[in-house]
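Breakdown of the fold
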Amino acid sequence: MRKLVEFSVGNRVLVNLLILFVLGAGTMSYLRMRREMFPDFSRQAIVIVTEYIGASPKEVEELITAKIEEEVAQVDDVDELLSVSQESRSEIVIKFQPDTEMSRALSDVRAALDNVTDLPEQTEEPEVNEVKSSFPVITVSLSGDIDEGALREMAKDIRDDLRRLPGVGAVGILGIRKRQIWVEVDPERLDQYRLSLDDLRAAIASHNRNVPGGTLKTVRGEILLRTLGEAEGVGDVERIILRAKGVGHSLTVGDVASVRETFKEATTMGRFGGKPAINLVVTKERDGDAIDIALRVRRSVQEMRRSIPETVTLEVYNDFSVFIQNRLNTLRWSGAIGLCIVLAMLWFFVRTRIALLTSLGIPFAMLGAIVLMSAYGISLNMVSLFGLIL
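Here is a short report on the structure shown in this document. (Residues numbered from 1 in each chain as written. Predicted model: local features only at pLDDT ≥ 70, side-chain atom pairs only at ≥ 80, totals over all residues. Heavy atoms only, no water.)

A closer look at the overall build of the protein chain
Scanning the protein chain from N- to C-terminus turns up 14 helices and 15 strands. Whereas a compact globule of 390 residues would reach a radius of gyration of roughly 21 Å, the protein chain reaches 31 Å, over 25% beyond that. Projected onto its principal axes, the C-alpha positions of the protein chain cover 110 × 55 × 45 Å. The buried share among the 390 residues of the protein chain stands at 32%. For the protein chain, the proportion of contacts with a sequence separation of at least 24, taken over those separated by at least 6, is 72%. When the accessible surface of the protein chain is totalled, it reaches about 24900 Å², and 55% of it is carbon and sulfur. Each charge class in the protein chain was averaged separately, 47 positive and 55 negative side chains, and the resulting centres sit 10 Å apart. (Helix = DSSP H or I, 4+ residues; strand = E, 2+ residues; numbered from the N terminus. Rg over C-alpha atoms; globule rule 2.2 N^0.38 Å. Buried < 20%, exposed > 50% of the residue type's maximum accessible area, 1.4 Å probe, protein only. Contact = heavy atoms within 4.5 Å. Areas by Shrake-Rupley, 256 points an atom, 1.4 Å probe, with all protein chains shown as cover. Lys, Arg positive; Asp, Glu negative; His and termini not counted. Charge placed at Lys NZ, Arg CZ, Asp CG, Glu CD.)

In structure tokens form, the structure reads like this:
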């Protein structure tokens, strides 16, 4: 410490330049640093989701979950395997050791999945994603006493508009029911044509799917072939052929059943101001600034209000950027008040010049810490701001 003091006294110009550099660099870093609620972190886990439409939980467990678990269990650094097999869906969560490099683990899991070659043909391609903690920035609520389908389509349009805003990573929709097609069978007609429910189910399942057809090599390259057979509406389901009745005639689903479009039973319900609502939760990209994103969303919502019906309300709530802004204001006021108190106390006992130079240590220490935070990629979040305030 003594040598440091002697060096500073003997090299006053260098020390003064260093102080100015830290103050300038700290101010620039503070203005450019990313502001967010909490820092991003990985949960050291990977999730595998596989869809097998129409399969029972037991079939999903035996034909999908067990086979995938057998392969991924051999991946290095696996700590725990958790799986849930339910109707039409298999979900496997792979937890890794704390020091595992997740990019390598993700590649290893995908390589292990390539070894699973005996899954049912109707199975969708497994989705592999790393489990990361993401905190919402702001929520937009769309509410009104209008048709559910119209409100649903309006919410999708708003979601697409919000996704295009700079810094927005994803927009999740809550309180929306998925569209589904109901086939209500007439038992008498089934008996008349000597058909069973299994025959009807098998016919719908075999026609309501897209089938890969391989590749076609041409002079311009390879072309992927795929047969599109997935039903898009009531009419497509009604026209599915069950049996040929003669030359030019066939028995269709519409001949033995009533087909209508509806929505799945609600598992979550949203309300805003006492009216049915659909909530759009906005999360940011990794490098996005929460305060800037919240401001852009609010401006976008104001513009959208001009184009929606008067019976529909578009509002924002759960704006977490407010907490970040309040913490930043606390940091500024704490620094200013602390600086004034130190300066006043020193002014009573020492000369003004010495008091000013000594008080300069407060902004120097704080801005120096911000320079180091910026260099190590640490953002201004609720945790780091709490440390700076202390």
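Further notes follow.
Considerations on the packing of aromatic side chains
Applying the stated criterion across every chain yields a total of three aromatic pairs. Aromatic pair Phe320 and Phe323: ring centres 6.0 Å apart, planes at 35°, arrangement tilted. On the numbers, 5.7 Å between centres and 65° between planes, the contact of Trp347 with Phe348 is edge-to-face. Taking the relative accessible area as the measure of exposure, Phe348 reaches 62% and is therefore exposed. (Phe/Tyr/Trp six-rings, centres within 6.5 Å; stacked < 30°, edge-to-face > 60°.)

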